[in-house]
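Letter by letter, the chains look like this.
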Amino acid sequence: MRVPTSDAPRRSLGVRAWIVGAVIVVVVLLASLRGFARVYTEYLWFDELGFADVWRGLLGARLAPAVVFSAVFFVLLLANLIIADRLAPKHRAMGPEDEIIEKYRTYVAPYSGRLRVVVSLFFAIVMGSGVASEWRSWILFRNSVDFGIEDPQFGRDIGFYVFELPFLRFAASWLFAALLVVFVVTIVFHYVNGGIRIQSPFQRVTPQVKAHLSVILALMAVTKTAQYYLGRFQLNFSRRGAIDGASYTDVKAQLPALNFLMIISVAAAVLFIANIWRRGWVLPVIAVGLWAFISVVIGTIYPAYIQRFQVKPNEFAREEPYIERNIEATRAAFGLDDVEEREFTYTEDIDEETVLANIGSFENARLWDPDELRKAFRATQEFETYFAFEDVDVDRYVIGGETVPVFTSARELSEAELPSRTFTNERLRFTHGFGTVVAAANDVVRDFPAYLLSDIPPEGSLELARPEIYYGESLGGFSVVDTKQAEYDAEEEASDGDAGGDGDGYEGRGGVQASSFLRRASLALRFGSWDLMVSNQLTSDSRVLFRRDIGDRVRAAAPFLEFDADPYPVVLDDKILWVIDGYTTTSNYPYAQGLQPRDLPAASDLDHEFNYIRNSVKATVDAYDGTVTFYVVDDEDPIIRAWQKAFPDLFTDASELPDGLEEHFRYPEDMFRAQTAAYAAYHVDDAQRFYAGQDLWDVSARPEGGAIDPNALTTTTARPSGNDGGRNIRRSGTTAPADPLYLMLQLPDEDAPEFVITRPYVPLERQNQLSAYIAGRSDPEHYGQLVVYVTDTDRAPSPTRAATIIETTTPISQQFTLLSRAGSEVIRGNLQLIPVDDGIVYLRPIFVQRPSADAFPLFRFVAASFGEQAVLAPSVDCALQGLRLRTRSDTYARDCVVDADSVDDGTTDPPDEEPPPDEEPVPDDVALLLAAAEQEFAAAQDALEAGRLGEYQDRVDAARELVARAQELIDEGGGEPATTTTTPPDEA
């Protein structure tokens, strides 16, 4: 008989619960104020850019699925808990567990309705919170489009795999997990309600509970059927075979196993339903046991048997059609199916006419490297400690009617170097950088950069009326403009010498206007800056500029895109625009090989595995007012079309590009790195050669500093094999691969130089030989085209070989040694591959830096290699003359001499020595000829010691000609062999 309970404990418990609940709500609200402020200011930021609808769409994409899934789980669990309470037995035999049940009924049962709601709500929040992270899949699922390509296994459009399958698989997995949680929680409620007794000597589970649990198990079995069904399509991404994609074992064993498991799971569901009337354990045990046994045998053992005993002994014969699928899909997914492949027969038989026909490539060769030029910019163009050049980028401009390759760098604000770290200085006064520097990549002025735009105020060949940089590559935190405090103006200080340099203030529309108490309070909470609330320098017109880093800016506005690591500034329409390449990627392209590039810059968004990529977007950021525009430049990309459907107001058609901007577009570097890594293996389109690893390439190694020892490289085969799934299509050597280079080149079979990005290939495990070189074209008429030039010979030297030839050529190595002994540092620049029809010339700028603390690298030489010869010269033209590719001018000895003495003072003044006067021809007398040769060799030794390598080479050549003439006379019987030794100077 139950003992009556008083209402007083219940009322006391209820009051305490309300008090505790109220305290918790207050604490949560106070703790959440900063979170609310961030959400509100985030909306204001999107609204500033004109992307308020994007903010709502992104927020809705995170909240809507989470709310829907949470609501589904809440209803599902609550319904089962209500059923569990209603199925609770009224009377049960007493047992050792009844004391627990009695306490539950005394203290908790009166609030069972609230308890069910609280428990259901708690688990619903837990189960629904993770759904928010699937917002990308949810958006693509709702906005899917067709690729127009069917997968070769199931005949489904590729769009199903990219847009629909990921979310469907997530939903099925979530539902199964949700039913499992419901199953466990329901068992607990049945236990506390008395429907389940673990220690009872009588009936442990009531028939009603068995029926209830059988229904849940049946639902789980049906959900598992859906998972098996979707798992069939997931086989297109299998990594069991030699390559990514469904293999022989997947198609012949795993797919039938999944089909059979679907039947078994449906049969198990029927048995669970039948158990509603049987209300025993026999049918559930049979269903679960049979299911588990068949899953192990059919789903695991059988495929393993097929792989081991049918595939492995004759792998290629079994896998050939699937390898062909992989090759075709990978080439399409990485944009390699349209690569234009051209052959060239390497030759060293190049005449001057051929060189002159390709002279544009040499006239536009890079004489600077970004790293060395950045140091020069910092030394000569920063002017103030709080200005900094963070990066140097490659571009081209039309100057005087001709396209000139340039290096450009923005003069940004360095907040760490401000004179005083106060709120006024950091946030109100020093708010922006100033101007950009543009220098010709192919020119020097007395070893210094040839500036096309420089100084404060900006002067040069380009017009820049709005030089202020409020948004750049390295700006963090926030700044406030349009305040009572005047901003620092570098141009005004430079023009009138006023140390204050206070300009007219900000005239742009960027920033969030701090026009109300709510806005100022929210911004203050977001940034943790009380000064934003109390400073009397702010007015209702003041604007808070934040997210000033252009990379953060575009990623926040379009978080579903991925962006290149290297934004670059463009001077256009008298202002500075930042240009950033945007990518769409996925890892859900059927049969395409997964790739994770290994040589990306740290800031790249492509530092993950993917098997499809497109450069669909060019984003621009106005350096002055922060306006962000996303131009869709590849509207054939289905992924960007899906995002356009979701956010139509975010994207701008390429037809609305500003005039002149397209001429500054570059083939995107990070995508080029990924494509060249993939193409190293996937230029092979024959399945048998691909499987055997024949003719696989590697990106050439980067000769760091000097040459590298090719024999020291250790590489592994790049043939996709085993469980590695072909991720080893990346470069497998132990040395870093050569970086892509932007160059102005006249490609073979083309009529004029153009802006391209290039990279050389070598045979796998052989660094000395050039296999091919690839070029990504950037000029508007050819933008986005990839051209690869494949040599049909093994005689073409690789960049590594060329670097080795340069370093081991005695006059060059001696010159470097002399400079190093003098205390200067010799810096080798990027090695540039210059095609000359079927020939190849390698050029490498050489910089010299003196040991003083304020020194910076100066351009000094060009090292050039052609075939097995190398020269060191003060200019590209002199290098061509030294390589005998151009006729030597009359002033060659004077203008092309390399003199170590001229390096010490940082100038390129020609040496004082005049070329030796012409001498009378030496008579055809052996003794006189050998004596003259000795004199030439002595003069050559003097020139070598003085560092005049051009004169040295001429003297040696003249001496050898004299010796050859003497030898001819001896062979003809015109004289006796010489007794004196005529050898060239010691070249050791």
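Quick caveat: nothing in here was measured; it's all calculated off a predicted structure. (Residues numbered from 1 in each chain as written. Predicted model: local features only at pLDDT ≥ 70, side-chain atom pairs only at ≥ 80, totals over all residues. Heavy atoms only, no water.)

**Re the overall build of the chain**
Okay, so step 1: Summing up its helical and strand segments, the chain has 27 helices and 28 strands in all.
Okay, so step 2: Buried residues in the chain amount to 54% of all 988 residues.
Okay, so step 3: When contacts within the chain are restricted to residue pairs at least 6 apart in sequence, those whose partners lie at least 24 apart make up 70%.
Okay, so step 4: Of the roughly 42900 Å² of accessible surface on the chain, a fraction of 53% belongs to carbon and sulfur atoms. (Helix = DSSP H or I, 4+ residues; strand = E, 2+ residues; numbered from the N terminus. Buried < 20%, exposed > 50% of the residue type's maximum accessible area, 1.4 Å probe, protein only. Contact = heavy atoms within 4.5 Å. Areas by Shrake-Rupley, 256 points an atom, 1.4 Å probe, with all protein chains shown as cover.)

**Side note on the confidence of the model for the chain**
Okay, so step 1: Summing up the model confidence of the chain, the mean pLDDT is 85 and the portion of residues at 70 or higher is 84%.
Okay, so step 2: This model gives residues 710–728 a pLDDT under 50, and the stretch forms 48 contacts once residues within four places in sequence are excluded.
Okay, so step 3: Confidence over residues 974–988 falls short of pLDDT 50; this stretch has 30 contacts with residues more than four positions distant or in other chains. (pLDDT = per-residue confidence, 0-100.)

**Brief notes about a negative patch on the surface**
Okay, so step 1: Together, Glu 320, Glu 324, Glu 341, Glu 343, Asp 685, Asp 686, Asp 749, Asp 792, Asp 837 and Asp 838 make up a negatively charged patch on the protein surface.
Okay, so step 2: If you list the elements that add at least two residues to the negative patch, you get helix H10 (315–333) and strand S1 (340–344).
Okay, so step 3: By secondary structure assignment, the location of Glu 324 is in helix H10. (Patch = residues over 30% accessible without salt bridge, like charges linked within 9 Å, V, L, I, M, F, W, Y side chains within 5 Å. Salt bridge = Lys/Arg side-chain N within 4 Å of Asp/Glu carboxyl O. Lys, Arg positive; Asp, Glu negative; His and termini not counted. Charge placed at Lys NZ, Arg CZ, Asp CG, Glu CD.)

**Some details on the side chain of Glu 319**
Okay, so step 1: Within the secondary structure, Glu 319 sits in helix H10.
Okay, so step 2: Although buried, Glu 319 forms no salt bridge, and the nearest oppositely charged side chain, Lys 312, lies 7.6 Å from it.
Okay, so step 3: Those residues within four positions of Glu 319 in sequence are excluded, and the remaining contacts are Gly 241, Ser 247, Tyr 248 and Val 311.

**Examining the environment of Glu 134**
Okay, so step 1: Here Glu 134 shows up in the loop between helix H4 (112–129) and helix H5 (135–142).
Okay, so step 2: Glu 134 sits 32 residues away from Pro 166 along the chain, and the two C-alpha atoms are 9.4 Å apart.

**Points about the packing of helix H2 (residues 52–86) against helix H6 (residues 158–192)**
Okay, so step 1: At a minimum axis distance of 10 Å, the contact between H2 and H6 shows a crossing angle of 25 degrees. Relative to H6, the element H2 is oriented roughly parallel. Crossing handedness for the pair H2 and H6: right-handed. Contacts between H2 and H6 involve Phe 69, Val 72, Phe 73, Leu 76, Leu 77, Asn 80, Leu 81, Ala 84 and Asp 85 from the former and Phe 167, Phe 170, Ala 171, Trp 174, Ala 178, Leu 179, Val 181, Val 182, Val 185, Thr 186, Phe 189 and His 190 from the latter.
Okay, so step 2: Along the lines of polarity and charge, the residues of the contact of H2 with H6 split into 17 nonpolar, three polar and one charged. (Axes fitted to C-alpha atoms, helices over the stretch in contact; angles between N-to-C directions. Parallel < 35°, antiparallel > 145°, perpendicular 65-115°, else oblique. Left-handed = near helix turned anticlockwise from the far one by under 90°. Nonpolar A, V, L, I, M, F, W, Y, C, P; charged D, E, K, R; others polar.)

**Digging into the nonpolar core**
Okay, so step 1: Core analysis: the largest hydrophobic core is formed by 111 residues, its most contacted members being Phe 560, Phe 630 and Phe 651.
Okay, so step 2: For this core, the element with the highest residue contribution is helix H8 (residues 248–278), accounting for ten residues.
Okay, so step 3: Non-local contacts of Phe 651, meaning those with residues more than four positions away in its chain, are made with Phe 560, Leu 561, Val 617, Phe 630, Val 632, Ile 640, Trp 643 and Gln 644.
Okay, so step 4: Counting residues in each nonpolar core, the second largest holds 100 residues, with Ala 680, Val 876, Leu 885 and Tyr 892 among its members. (Core = buried A, V, L, I, M, F, W, Y, C linked by side-chain atoms within 4.5 Å.)

**Considerations on the pattern of salt bridges**
Okay, so step 1: Counted according to the given criterion, the structure contains 36 salt bridges.
Okay, so step 2: Of the charged contacts, one joins Arg 240 and Asp 250 as a salt bridge, the two residues approaching to 2.5 Å between their closest N and O atoms. Of this pair, Arg 240 sits in the loop between helix H7 (207–234) and H8 while Asp 250 sits in helix H8, and the two are ten residues apart along the sequence.
Okay, so step 3: Residue classification places Arg 240 among the partly exposed positions, given a relative accessible area of 26%.
Okay, so step 4: A salt bridge links Glu 340 to Arg 342; its shortest N-O distance comes to 2.9 Å.
Okay, so step 5: Accessibility expressed as a relative area gives 34% for Glu 340, which makes it partly exposed.
Okay, so step 6: Three or more residues are tied together by salt bridges with common partners; here these are Asp 599, Glu 669, Arg 673, Arg 702, Asp 739 and Arg 759.

**Concerning unusual backbone geometry**
Okay, so step 1: A cis amide bond links Ile 456 to the next residue, Pro 457, at an omega of -5 degrees.
Okay, so step 2: Within the secondary structure, Pro 457 sits in the loop between strand S7 (448–454) and strand S8 (459–460).
Okay, so step 3: You will see that Arg 547, though not glycine, has its phi angle at about 55 degrees, which is positive.
Okay, so step 4: Within the secondary structure, Arg 547 sits in the loop between strand S12 (543–546) and helix H18 (550–557).

**Some words on the packing of aromatic side chains**
Okay, so step 1: Taken as a whole and assessed by the stated rule, the structure comprises 53 aromatic pairs.
Okay, so step 2: The interplanar angle of 75 degrees and the centroid separation of 5.9 Å between the aromatic rings of Phe 147 and Tyr 612 together place this pair among those described as edge-to-face. With a gap of 465 residues between them, Phe 147 in the loop between H5 and H6 and Tyr 612 in strand S16 (residues 612–622) connect regions that are remote in the sequence. By the burial criterion, Phe 147 is buried, and Tyr 612 matches it.
Okay, so step 3: The rings of Phe 51, Phe 560, Phe 563, Phe 630, Trp 643, Phe 647 and Phe 651 are connected pair by pair, giving a single aromatic cluster.
Okay, so step 4: A cation over an aromatic ring shows up here: Lys 224 above the ring of Phe 176, its NZ or CZ 5.1 Å from the ring centre.
Okay, so step 5: Over the aromatic face of Phe 233 sits the side chain of Arg 232, whose NZ or CZ is 5.5 Å from the ring centroid. (Phe/Tyr/Trp six-rings, centres within 6.5 Å; stacked < 30°, edge-to-face > 60°. Lys NZ or Arg CZ within 6 Å of the ring centre and 35° of its normal.)

**Comments concerning H6**
Turn by turn, an α-helix covers 3.6 residues, leaving residues three or four places apart pointing in a common direction.
Okay, so step 1: With 35 residues, H6 should cover 51 Å at 1.5 Å per step; its first-to-last C-alpha distance of 51 Å lies within 8% of that length.
Okay, so step 2: The largest bend in H6 amounts to roughly 50 degrees and is located at Glu 164, with the proline Pro 166 lying one to four residues further along.
Okay, so step 3: N-capping of H6 is provided by Asp 157, with a side-chain oxygen placed 2.8 Å from the backbone N of Gly 159.
Okay, so step 4: Just downstream of H6, Gly 194 is the residue with a positive phi angle, here 95 degrees. (Expected span 1.5 Å × (residues − 1). Bend = angle between axes of the 7 residues up to and from the residue. Polar contact = N/O pair within 3.5 Å; in protein donor to acceptor, adjacent residues only side chain to side chain.)

**Points about the side chain of Asn 364**
Okay, so step 1: Here Asn 364 is to be found in the loop between helix H12 (359–363) and helix H13 (370–381).
Okay, so step 2: One polar contact links the side chain of Asn 364 to the main-chain carbonyl oxygen of Gly 360, over a distance of 2.7 Å.
Okay, so step 3: When residues no more than four places from it in sequence are discounted, the contact partners of Asn 364 are Thr 403, Pro 405, Asn 442, Met 744 and Pro 753.

**Things to note about the packing of H5 against H6**
Okay, so step 1: Direction vectors running N to C along H5 and H6 enclose 130 degrees, while the axes themselves pass 8 Å from each other. One finds that H5 runs oblique with respect to H6. Two packed elements cross with a definite hand, and for H5 against H6 that hand is left-handed. Listed contacts from H6 to Ser 137, Trp 138, Leu 140 and Phe 141 of H5 are Phe 163, Glu 164, Pro 166, Phe 167 and Leu 168.
Okay, so step 2: Looking at the contact of H5 with H6 residue by residue, the classes come out as seven nonpolar, one polar and one charged.

**Remarks on the state of the cysteines**
Okay, so step 1: A complete count under the given rule lists one disulfide for this structure.
Okay, so step 2: Paired by a disulfide, Cys 878 and Cys 896 hold their sulfur atoms 1.9 Å apart. Between Cys 878 and Cys 896, the S-S dihedral sits near -75 degrees, and the bridge is therefore left-handed. One end of the pair, Cys 878, is in helix H24 (residues 876–882); the other, Cys 896, is in the loop between helix H25 (892–895) and helix H26 (926–946), and 18 residues separate them in sequence.
Okay, so step 3: In this structure Cys 878 comes out as buried when scored by relative accessible area, which is 6%.
Okay, so step 4: Residue class for Cys 896 comes out buried when judged on its relative accessible area of 4%. (Disulfide = S-S within 2.5 Å.)

**Some points on the sheet that holds S12**
Okay, so step 1: One open sheet accounts for three strands, arranged S10-S12-S11; its pairing is antiparallel. Since the sheet does not close on itself, it has two edges, and those belong to strand S10 (478–481) and strand S11 (512–513), each with one partner.
Okay, so step 2: Sheet topology note: the S10/S12 ladder contains four bridges and is antiparallel. Counted as the bridge partner of Phe 478 is Phe 546 from S12.
Okay, so step 3: Across the sheet, helix H16 (residues 517–527) is in contact with S10, S11 and S12; its angle to S12 comes to roughly 30 degrees. (Pairing = 2+ DSSP bridges.)

**Re H8**
Okay, so step 1: In a regular helix each residue adds 1.5 Å, so 31 residues correspond to 45 Å; H8 covers 44 Å between its end C-alpha atoms and thus fits that length.
Okay, so step 2: Remark: the principal bend of H8, roughly 35 degrees, maps to Gln 254, with a proline, Pro 256, within the next four residues.

**A short note on a nonpolar patch on the surface**
Okay, so step 1: Together, Val 25, Leu 29, Leu 33, Phe 36 and Leu 525 give the surface a local cluster of nonpolar side chains, amounting to about 450 Å² of exposed area.
Okay, so step 2: Top contributing element to the nonpolar patch by residue count: helix H1 (residues 8–49), with four residues.
Okay, so step 3: Tracing the backbone shows Phe 36 in helix H1.

**Concerning the environment of Ser 414**
Okay, so step 1: Tracing the sequence through the fold places Ser 414 in the loop between strand S4 (402–413) and helix H14 (423–429).
Okay, so step 2: Linking Ser 414 and His 432, residues 18 residues apart in sequence, is a C-alpha distance of 9.0 Å.
Okay, so step 3: In contact with Ser 414, not counting residues within four places along its chain, are Thr 385, Tyr 386, Phe 387 and Ala 388.

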